[in-house]
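Breakdown of the fold
Here are the chains, one letter per residue:
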Amino acid sequence: MATMKSVRTGTRNEVEVVEVERPVPGPRDVLVRIRACGICGTDTFFVRTGGTPYNIAGSVVPLPLGHEPAGEVVEVGSGITDLKPGDRVVVNPQAAPSGIIGCGGELGGMNEYLLIEDAVVGSSVAVFPDELSFGVAALNEPLAVARHCVNRSEAKPGDKVVVFGAGTIGLGATIWLKLRGVERVVVVDVVPERLRTALTIGADAVINSAEEDVTGRLIELHGEAADALGRPRAGTDIYIDAAGVAAVFNATVDAAKWGAKLVMVGVHKPSELIDLGAMLRSELTLIASQGYPTEIFEVTAELAEHKDRFAGLISHQVPFAEVTRAFELALTPGAAEKVIVIFDDEG
């Protein structure tokens, strides 16, 4: 029996590397050798909690990790005609029949090999060109999340936009906004290193909300407008919440002009600290953005075209042999921006 290494949740705040049976593809499946896989905030959430509760005698079942993989096809089922060994592919984790890859499903992308069940090009996998490294290709999934957020915003070149949160999603949204031609994109965060990265990848200005008055700075950068009561407010048209904290919602309400929009892509924990009633003063439109209904492979060609720009989102590339260290980095606040685990010497 052929085996492979697989990363899964262990006890709280720890991961385990276990030996499991290597999958064998059926007629409609392909087997992908994983060459790179990103670590996401969802992964760290599962690690912090020790896995996913399944109500099995009150226990917690170890969870296979990783939903941001890129790899190389090594085996194809007899019924597959549009994929071949050697194809470099990114994966749609939500298309797996056995459950979302790395997010509660039976399969995880932080493995040496990943079975793509019922493989369909354009639905479950997409082929990318040789000039795109596996490390940058592993950004495909989070960049699809960021692209959906920007699509939901309906931002136009003349709009004034602020992005709260300079993590992968927020910075990815910033790049998509700039590629769309939006001229005045401001990024807000509290980590100086992340704000420097934001400027590097194309933000027009940044605000350190730990040190600066956000509304005041937005008025300086986006001009002055008013809310429904005629009070001075920032001229910002679109607010993007990629941070997922109540302070962002409240900062938006405080700054929003009449008719502004707030797109929420960051995952919020339950909170009683937000003032929904204050939305009335600006008729603020709240738009939720979840996942990537159509964008998962919409981004792949542009990711390859602008690969050097997107590479700036990656702060650490860690070899699979040191995957425990990779998760330690991702779990430590401020230690890393985006961690990609590399399964060989090619980044």
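See above for the structure.
My aim in this report is to walk through the structure given alongside it, one point at a time. In this text, all values refer to a predicted model and were calculated from it rather than measured experimentally.

Structural notes on the packing of helix α3 (residues 140–153) against helix α4 (residues 168–179)
It is the contact of α3 with α4, at a shortest axis distance of 8 Å, that shows an interaxial angle of 55°. Looking at the two axes, α3 sits oblique to α4. Helix-helix and strand crossings are classified by hand; for α3 and α4 the assignment is right-handed. Counted together, Pro142, Leu143, Val145, Ala146, Arg147 and Val150 of α3 and Thr168, Ile169, Gly172, Ala173, Trp176 and Leu177 of α4 form the full contact between these two elements. When grouped by side-chain class, the residues that make up the contact of α3 with α4 number 9 nonpolar, 2 polar and 1 charged.

Describing the pairing of strand β16 (residues 261–264)
Bridging between strand β15 (residues 238–241) and β16 involves 4 bridges; their strand directions are parallel. Paired with tyrosine 239 across the strands is leucine 262, a residue of β16. At this point the chain moves from β15, through helix α7 (residues 246–255), to the parallel β16, and the crossover so formed is right-handed. Note that β16 and strand β17 (residues 285–288) share 4 bridges and pair parallel. Following the sheet pairing, methionine 264 is matched in β17 by alanine 288.

Some details on the pattern of salt bridges
Summed over all chains, the structure comprises 18 salt bridges. A salt bridge links aspartate 130 to arginine 88, with the nearest nitrogen and oxygen atoms 3.8 Å apart. Taken together, the residues span a long stretch of sequence, with aspartate 130 in the loop between β9 (125–127) and α2 (134–137) and arginine 88 in strand β7 (residues 88–91) at a distance of 42 residues. By relative accessible area, aspartate 130 is classed as exposed at 62%. Salt bridges linked by common partners bring Arg147, Glu298 and Glu302 together as one network.

As for the packing of aromatic side chains
Across all of its chains, the model carries 4 aromatic pairs by this definition. Sitting over the ring of tyrosine 113, arginine 22 keeps its end group 4.0 Å from the ring centre.

What about α4?
Its 12 residues place the ends of α4 16 Å apart at the C-alpha level, agreeing with the 16 Å of an ideal helix rising 1.5 Å per residue. Along α4, 10 of the 12 residues are buried, which leaves the element largely enclosed by surrounding structure. For α4, the set of buried residues is Thr168, Gly170, Leu171, Gly172, Ala173, Thr174, Ile175, Trp176, Leu177 and Lys178. After α4 finishes, the residue glycine 181 shows a positive phi value of roughly 100°.

Some words on the environment of glycine 291
Tracing the chain through its elements places glycine 291 in the loop between β17 and α8 (300–305). Among all residues touching glycine 291, those that are not within four sequence positions of it are Ala144, Val145 and His148.

With respect to the sheet that holds β16
Pairing in this open sheet of 6 strands is parallel, and the strands run β12-β11-β10-β15-β16-β17 from one edge to the other. Looking at strand neighbours, the two that pair on one side only are β12 (205–208) and β17, the edges of this open sheet. Here the average twist between neighbouring strands, direction ignored, is 20°. The strands touched by α3 within the sheet are β15, β16 and β17, with β16 carrying the most contacts at an inclination of about 160°. Sitting on the sheet, helix α6 (residues 214–222) touches β10 (160–164), β11 (184–189), β12 and β15, and the angle it makes with β12 is about 165°.

Observations regarding the packing of helix α1 (residues 41–49) against helix α10 (residues 323–331)
Put simply, α1 and α10 touch, their axes get as near as 10 Å, and they point 100° apart. On the basis of the axis angle, α1 is roughly perpendicular to α10. Within the contact between the two elements, α1 uses Asp43, Thr44, Val47 and Arg48 and α10 uses Phe327, Ala330 and Leu331. The residue makeup of the contact of α1 with α10, split by class, is 4 nonpolar, 1 polar and 2 charged.

Parameters and conventions
- Residues numbered from 1 in each chain as written.
- Predicted model: local features only at pLDDT ≥ 70, side-chain atom pairs only at ≥ 80, totals over all residues.
- Heavy atoms only, no water.
- Axes fitted to C-alpha atoms, helices over the stretch in contact; angles between N-to-C directions.
- Helix = DSSP H or I, 4+ residues; strand = E, 2+ residues; numbered from the N terminus.
- Parallel < 35°, antiparallel > 145°, perpendicular 65-115°, else oblique.
- Left-handed = near helix turned anticlockwise from the far one by under 90°.
- Contact = heavy atoms within 4.5 Å.
- Nonpolar A, V, L, I, M, F, W, Y, C, P; charged D, E, K, R; others polar.
- Pairing = 2+ DSSP bridges.
- Right-handed = clockwise from strand over helix to strand, strands pointing away.
- Salt bridge = Lys/Arg side-chain N within 4 Å of Asp/Glu carboxyl O.
- Buried < 20%, exposed > 50% of the residue type's maximum accessible area, 1.4 Å probe, protein only.
- Phe/Tyr/Trp six-rings, centres within 6.5 Å; stacked < 30°, edge-to-face > 60°.
- Lys NZ or Arg CZ within 6 Å of the ring centre and 35° of its normal.
- Expected span 1.5 Å × (residues − 1).

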